[in-house]
Amino acid sequence: TIADNNVPVSTGAYGGGVGLKDSAALITNSILWGNEAQSQPTNGPQLAMSGGSATVRYTDAQGGFEATSRRFGPTLNWGPANIGEILPPTFEHHDPGFVDTDGPDNNPDTWADNDYRVTIGGSPVNDVGNNLDLATDVADLDADLDFVEVVPYDLKGATRRGDDPDTAATGLPA
């Protein structure tokens, strides 16, 4: 998740969420939301490319394909299964439903207490990812001697994956 990132004009950089220059990237099972590049229109672009190539799939990008900036001939492979393309039109580019983006102090600028986990029950990003794209646990974070399982924890030590019983599993594999 890359959310509420603000890139000032003074940096000369483009891409409030992700900026690529003559490089290649795979963005999968991700959320790009609320990012802002002050050199670009408000809330975007979520992805800016200057040359190079990127593949974006199984991702909820605010504004969808239209929230990308492409200069100097980059290749952008959009999809499959980006959130706006697989949900009913009423959910297209739907807010991912973060738990609390401004934290208990109601200040989005104090990052330590902001909670960018998604809510269970009703978030359009639940159960729509590609499990085959998840990283393997090569460092054996849970000390179970299984080095080929999916990484079990996120950066905050919470369980990495979970099932939302109120949401149909439409990701890969189900």
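Going by the structure above, here's the rest.
Everything in this summary refers to the structure shown in the same document. Not measured: the values here are computed from a predicted model.

## Focus on the sheet that holds strand β10 (residues 68-71)
- Across the sheet, which stays open at both edges, the three strands sit in the order β3-β7-β10 with parallel pairing between neighbours. Each edge of the open sheet is held by one strand with a lone partner, namely β3 (18-21) and β10. On average, adjacent strands in this sheet sit at an angle of 5° to one another, irrespective of strand direction.
- Pairing geometry for strand β7 (residues 47-50) and β10, over four bridges, is parallel. Following the sheet pairing, Met49 is matched in β10 by Arg70.

## Observations concerning the layout of surface pockets
- Taken as a whole, the largest pocket holds about 1,600 Å³ of empty space.
- Lining the largest pocket are 43 residues, with Thr1, Asn29, Val118, Arg160 and Arg161 positioned closest to its centre.
- Elements with a contribution of two residues or more to the lining of the largest pocket: β1 (2-3) and β13 (115-118).
- A per-class count over the lining of the largest pocket returns 21 nonpolar, twelve polar and ten charged.

## Section: the packing of aromatic side chains
- On inspection of all chains with the given rule, the structure shows three aromatic pairs.
- Pairing Phe65 with Trp78 gives two aromatic rings, centres 5.8 Å apart and planes at 80°, and the pair type is edge-to-face. Taken together, the residues Phe65 in the loop between β9 (60-61) and β10 and Trp78 in strand β11 (residues 75-78) connect sequence positions 13 residues apart.
- What makes Trp78 partly exposed here is its relative accessible area of 23%.
- Geometrically, the ring pair formed by Phe98 and Tyr116 is edge-to-face, given 5.2 Å between the ring centres and 80° between the ring planes. Note that Phe98 is positioned in strand β12 (residues 98-100) and Tyr116 in strand β13, a separation of 18 residues in sequence.
- What makes Phe98 buried here is its relative accessible area of 12%.
- Look at Tyr116 and you get buried, because its relative accessible area is 16%.
- Site record: aromatic cluster; members linked through ring pairs are Phe98, Trp111 and Tyr116.

## So, the sheet that holds β11
- Spatially, β4-β8-β11 is the arrangement adopted by the three strands of the open sheet, whose pairing is parallel. The open sheet has two edge strands, β4 (24-28) and β11, and neither has a second partner. Across the sheet, the mean angle separating the axes of adjacent strands is 10° when strand polarity is ignored.
- Direction of pairing for β4 relative to strand β8 (residues 53-57): parallel, over a ladder of five bridges. Each residue of the ladder has a partner; that of Thr28, found in β8, is Arg57.

Cut-off values and rules
By convention here, each chain's residues receive numbers from 1 onward along its written sequence. pLDDT decides what is reported in this predicted model: residues at 70 or higher carry local features, side-chain atom pairs at 80 or more are listed and counted, and totals for whole chains, interfaces and linings draw on all residues regardless. Side-chain calculation: all heavy atoms of the structure are included, whereas hydrogens and water are not. Note: two strands are recorded as paired if DSSP finds a minimum of 2 bridges between them. Note on conventions: DSSP H or I runs of at least 4 residues are helices, E runs of at least 2 residues are strands, and numbering of each starts at the N terminus. Lines are fitted to the C-alpha atoms to define the axes, a helix being fitted only along its stretch in contact, and any angle between axes, read from their N-to-C directions, falls within 0 to 180 degrees. Here a cavity denotes a set of grid points, spaced 1 Å apart and computed over the protein atoms alone, in which a 1.4 Å probe fits but from which it cannot get out, and a pocket denotes an open set meeting protein on both sides within 12 Å along at least five of seven lines; residues with an atom within 4 Å of a point are reported as lining. Grid points are joined across faces, edges and corners, and a volume is the space filled by probe spheres set on the points. We call Asp, Glu, Lys and Arg charged. Ala, Val, Leu, Ile, Met, Phe, Trp, Tyr, Cys and Pro are nonpolar, and the rest, Gly among them, are polar. Any two rings among Phe, Tyr and Trp, with Trp reduced to its six-membered ring, count as a pair given centres within 6.5 Å; such a pair is stacked if its planes are under 30 degrees apart, edge-to-face if over 60, and tilted if neither. Accessible area is worked out with a 1.4 Å probe on protein chains only. A residue is then buried under 20% of its type maximum, exposed over 50%, and partly exposed in between.

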